Every structure is written in C-alpha cells, then in structure tokens.
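Now for the letters of each chain:
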Amino acid sequence: MTDEPQPQSQQPDQSTPPKAERPKRTGWRRLIPTWRMVLGTVVVVVLLVVGGFFLGYSLVQIPTSANALATKQSNVYLWADGTVLARDGEVNRENVDLSRISKDGQHAVLAAEDRDFYTESAVDPMAMIRAGWNTATGKGKQSGSTITQQYVKNYYLAQEQTVTRKVKEFFISIKLDREKSKSEILEGYLNTSFFGRGAYGIQAASQAYFGVDAAGLDPARAAYLASLLNAPSQYDVVAHPENRPAAEARWNYTLDGMVKKGWLDAGERAGLKFPKVKASTVSTGMSGQRGYVVNIVRDYLVKNKIVDEEELGRGGYRITTTLQKGKQDAFVKAVDDQLMSKLDKENNPVDRSVRAGGAAVDPKTGKVLAMYNGIDYVKQYTPNATRRDFQVGSSFKPFVLAAAVQHHSETQDGRTIRPSTIYDGTSERPVRGWSGGDYAPENEDHRSYGPITVREATDKSVNAVYAQMAVDVGSDKVKDTAVDLGLSSATPELIASPSIALGVAQASPLDMAEAYATLANHGRRATYTLVDRVTKGGKDTVELPERRESQAVSREAADTTTSVLRGVVENGTATAAQAAGRPAAGKTGTAEEDRAAWFAGYTPDLATVVAVMGQDPKTAKHVPLYNAMGLDRINGGGAPAEIWAQFTRDALKGRPVRDFDLQLQPGADVSEAPTDQSSDEPGTGEPSDGATDDSSATPDPSGSGTPGQDGGTSPTEPGGDDGGTAPTGPATGGATTEPGPTGGDDGGGGSDDGGTGDDDGGAGGGPGPGGALGGLTATPRRP
C-alpha cells in the first residue's frame, strides 16, 4: 500500500436535482418565433425607428426661402400654329395678417380642413396611415395632412407626390411647430392656399367670389370659401352650376363642423342660406374669345388628368391647342355678320337675350378647330359652346335614323326601316308599341302630313313619324347610339322614351359637333381633343391621352343617314346652308317654346354645330326668342344655318370641293307599302287651318293620297289647303264624295263613312274600324 492519498470519486450531490434538458422544437412549432426572438425584433425596430427619426430630424432643415410660387409663371396658351393665344396665371394674392381675417373665416377653414388644429401636434401619424391605406385599397386619394403640413407643402415644398417630399414635409412640420405659434402657421396657410379663379389666399378669394375683404366674411360666405379648398374650380357654382349639389353638401359639412366645435350658434346656423356667388371678373387680357378658350382648355386638362388642377394653377406650362386662328376668326365674323349685327338691343328687349354658341370639329381627327362661346368673356362668362342646358330639338332626329339602320329595325307591322319607308305623319297620332303610357306628339303648328316617307319626314322634321320610329327602334337603342356617336352619357334629359326623338336632351354644341363628325366620318368616331402638346420649362413634355378611335355605328348606318340629311339642305328646312358652296348634310332643330334654334351640319371635311339661345341677361333664365331680330320666330333654318354657311365657306376656302362617298343601306330608295291595318298605316289628316303643304304629293299605295298643293282632284293629288273635293277624304272642312279609308290607330282622316275632317287637321270626328281616339299630346317642336 502506498501512503499517497488516493483520488476520491466524485459523488453527485444528492441534495440538488439534475437539470432537465430542454426538449427540441419539432414540427410546426419550429415556425413560431420564441418570445426572445419577438422581443429582440421589437427592440431592433424601435431602435431603428428612433434612430431614423433623430437622423431625419437632424438632417432635414427648414428651407430659408419660399418655393417657386413666389416667382410664379403664367401658363401660355398657343394656337395650333404656335402663335400665342392667351396667357393666364398671374398671381392673384394679397397677404393679410390674421387679424384682418374674420373669426368666421378662420373657423370655417378649420372646420373644413382640420378641426383639432389648436390642440393637435404638427403631424397626425394615424391620419397619414389611414389616408395611405384608403388610397392603396382604392377608396380614393385622400389627404392625411394637418394644416401645418399643408402649409409646409404650400410654402416650402413642391407638389409632387413622392416619398421624399412627404418625409421632408413630416420633419419640417415638426420643427416649424416648435418655432412658430399656431396663429402664425394658420395665417401662413390662409395666405398660401389655392381657392380657384386664380386666387391664392383667402383675401384674394374673398374678393374674387364675393367682392368683400376677408375681414367682412360672415359664416355663410366663409363656409363656401372653406369648401373650395377641397375642389377649387369644381365647386365654383358659377363656372360649374351642375356641381352645385356637391358644393352645397361641402358647405353644410363645414357649417355643421363650426357648430360642433362651438364656433357657431346652432340657431344662427339653421337660418343660413347658401350665399350668392358673383360672376368671375377677369383682366382685359381674357376679353373676347380668349377667356372662354383658356377656361375650356383648363377644364379639359384637369378632367382628362393631363395636369393636376393645383399644379396648373402654379403656372409654367405651354399648351398648344388644336384651335386654328383663321377658322376661329371666321367663326366670330360669321356670328357677327349673320346674327349680332342684326340685333336691335336698344329698341327690342328680346334681342338683349340672344346668345350664340358653336363648335367645329375635323371629322378625321376629332380635333376641335374653332369655337364660338359668346360676345366677350369679360361681359358674358358662360361658355356657350360647352354648356349643357338647352334642348337640341330636331337636330337629334338623325341619331334615331342611324340607330334604325344600325340595328336593322322594323316598323310595328314588320317593314324594314329605310329612308323610303312610309309612316303616318298625322299630328297627335298616338305612338304604338310604347308601354310607358299614351304619347301623341304634335307636329309644328299641329300640321298633319298623312302618309310620308322617312326621307320626307326628315326634310320637314315631322315629330309624329320620328316618335313612332324611336319606339320601333327601341328608345334605349336610340340613346345608346347617340352616346356612341359622341354625346356624353351624362347629358341632361337623355332619357329612353319616345320623346327622345324630339330632342329634349340638353347636349352642348361641342357634344353635337362630335356626334355629327362621326356621321361625316362614315360612323368612325375620333374622340374630340382640344390639346396637341403640353410642355413645362420649355423641355418637359407632358404625356397626353392616347388618341382613341372606334366604329360607333356601321358605315352603312352613317352614310344612309348622311344621304337623308343631304335632302334637308337641298330641299328641306336648311336650304340656307347651300350658301356654303359645297356638298353638305345637316339638320335643323328648335327647342321647346323657341328657347333655342340649332343647325348641325357637315361637309366631308368639317362638322360644325351652331346654336342661337335665349337667356335673360339679368336673371340668366332661359327665355323664348319670339320676335328676336324682328322675326316672328327664330328657327334652325334661319340664323344658325346662315352662320354655318358663311363659316364653312370661309373656313374651307382654298380647299378642293369634295363630295360625299356613301355606301347606303340596301334598298334605301325602294318604296315599301304598309300592310293593312298596321300601326303605321297612313291617316288622311290635313294641314291645320288651311296651311299649305309645300311639298309634292306622295302617292299612297293603298289608293288614298296625301294633301296636294292646289286642291287638285287627281286620285293621287286630293284636296289641298282650300278644302277642294277629294276622292279619298276631306281637306280641312271639305266635303267628301266617296267613303274614306279605314281609320288608322289614331282615327286620322275622316270617319269610316267619309265624315269631315277636324278643323286642326288632326284626328277625325270619330275613328274608323279598329281606330282609337287620339291620346295625350306633346309640345310641338319645329324644324
């Protein structure tokens, strides 16, 4: 044995239990982060956010000077040849102290834009996140900016929607909030905001819209100005009366906010009425046609999202329009020569209400080549070429015919509708096949035509024929065809019903010019354009919408319609248009109670629409044009057609005369007899009160005739306006020698035993077999 100590084996400490080994994570549990991982990630993110905040705060400085708005440029509008048409965009702004802005003015803006301005921080992160989410999810572009942020954007930064600009805005706003008081920031915001009409700042806006200083703003007017900040030009109820409901809704929202914040007494708010906004006042640089053109082009750029409204308001753009100065001058001269020079405003009160509007479009390209909007933008603010508040009258009828050919439509008794198809032209004849109630439109002066072809009914603008044709085609199809040709789907009163054929729709001359240009271009529509090129800074070209073309209706439908409209110019209601000296097609139209007269026409090279309108110069109410120019009536074949002819002749001077190249509907000139007892069987109503039919007689295949001119006794030329003897039925008050024809659906003509006709040439004293008494009547519209 050795005396060396032996190594002792180590025994486990029985008092301390051994450590349990942590089980390994298996399966799906391995995908779930541990709390340590989560905590670590949160800590890292927080450190990054905090670090990024302090880094951004230290790097972003408040600019030492204002943005380019202080040296804002004009926008330059050019004719198609590059010469200057007009300049706009001079800065209209007068900075005022907050003390010179009424409390109502201040509170209204806060109620509309940022109700918690005085208590909130410079930025609202939650609002920014919410706005970003709404924009990303398609709920509309929204602002998450406080008034402080908006002021920073207006005064220090540009308007581009970029991440960099938003980051700068965020940090500058925080710093500015520390350096300036809330009152200073609000004052700056109110002096830099854009209110439309070229007005920057609430002082300029108060003068532009109400003619008062900002210190005199009451709650109603202050709320209107505050509402403009949401959509400056669109909420201008003078320039855009169609947007008044939206403007009033925003106005009410602002006032309700003022009450909610305790800035306005609820009783006072209840008694407030929407304020009267004055017409725009502009510099003489916008006189004549220039101001109209500038505003129409501005609206076109904004509506088509070519340039943002606020950015356009800041200026610096060169906009080359499609308008040709020579043609524009020719349009103005034609209106002056054929209309304005013939008015006696001193001695004839009606002449003071006469307005004119028109537009000319190149059928091939859709380019608007000229417009007439009024005598002077400074004197008459409303642009007559683009307004949609007057009925177009019978100038709508060609769309019915185009729809009939396009859809291969048939009459109620199964005959294909062609220019030669015979209809019953009896005035106040109830339409057949319409489920919406009785409708029996009157012809002009209650005049009845009896059996008449579609071509002749177009020449004479016979309402009874076209109302029935609209039902035969389907008024919904007529509406769709009108929109396809060029009318806006939002056209007021463009409603699918028989009355659509009579032109109750309220389209603008520019809308109608585009539609007629489509007919001139063989049914191929080139959407109208007013702008050829947009640049900024002399080099940056702004992208324009892609030019769109489509076949709106078949060539057969368009060309057949053109062939019929040529007859209107050659021997119908628009013979004055022949003075253009070129092959032409067109249609006249008159609104209800002669409030407007139209001529819409075209050559192969130019489509032009002219409207003469009645509007009270003081109240802006639509008024009849009876006795205007010393005439009993103003109709489309008068001044509108004469203006059209002179303008077309001068605008196309020097260009070769071209005829129409037409491909017609098969059988377009083949006469088809109506079947017995059909819904369109011709009656034999005569002209009212001895009115003379100035057309040649049209034989009735059934053996009865239409009214002749001289009261002849031929089987095909029965008694005329003097009530002579007629083998087949009476003229007004004339006697019969033989039984008349079977009564049609309205009892037109004599009774079945040859009774005398009614004194107004409408339905007879009683219906024939299978006939029905006349239904409701509609207001007559003239050619």
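Residues numbered from 1 in each chain as written. Predicted model: local features only at pLDDT ≥ 70, side-chain atom pairs only at ≥ 80, totals over all residues. Heavy atoms only, no water.

Peer 1: Requested: an account of the pairing of strand E4 (residues 354-361), with residues and values cited.
Peer 2: Counting buried positions over the eight residues of E4 gives eight, a clear majority of the element. Here E4 shows no split at all, with Val354, Ala356, Gly358 and Ala360 on one side and Arg355, Gly357, Ala359 and Val361 on the other all buried. Pairing analysis gives eight bridges linking E4 to strand E15 (residues 607-614), with the strands arranged antiparallel. Considered in E15, the bridge of Ala356 is made with Val612. Relative to strand E5 (residues 368-372), E4 runs antiparallel, the two being bridged by four bridges. Bridging from a neighbouring strand, Gly358 pairs with Tyr372 of E5. (Buried < 20%, exposed > 50% of the residue type's maximum accessible area, 1.4 Å probe, protein only. Helix = DSSP H or I, 4+ residues; strand = E, 2+ residues; numbered from the N terminus. Pairing = 2+ DSSP bridges.)

Peer 1: Mind laying out the pattern of salt bridges, listing which residues take part and the relevant values?
Peer 2: Enumeration according to the criterion identifies 28 salt bridges in this entry. Put simply, Arg525 and Glu514 hold a salt bridge, and the shortest N to O gap is 2.9 Å. Linking Arg525 in strand E9 (residues 524-526) with Glu514 in helix H18 (residues 509-520), this pair joins segments that are 11 residues apart in sequence. Its salt-bridge partner being Arg595, residue Glu593 comes within 2.8 Å of it at the nearest N-O pair. By relative accessible area, which is 25% here, Arg595 ends up partly exposed. Each of Glu444, Asp445 and Arg633 takes part in one network of salt bridges that share partners. (Salt bridge = Lys/Arg side-chain N within 4 Å of Asp/Glu carboxyl O.)

Peer 1: I'd love a proper account of the pairing of strand E13 (residues 585-590), names of residues and values included.
Peer 2: The element E13 is extensively covered by neighbouring structure, given that six of its six residues are classed as buried. Residues Ala585, Lys587 and Gly589 point to one face of E13 and Gly586, Thr588 and Thr590 to the other, with burial holding for every one of them. In the sheet, E13 pairs with strand E14 (residues 596-602) via six bridges, with the strands oriented antiparallel. Residue Thr588 lies in a different strand from E14, and its bridge partner there is Phe599. Two successive antiparallel strands, E13 and E14, enclose a turn made up of five residues, where Glu593 displays a positive phi of approximately 55°.

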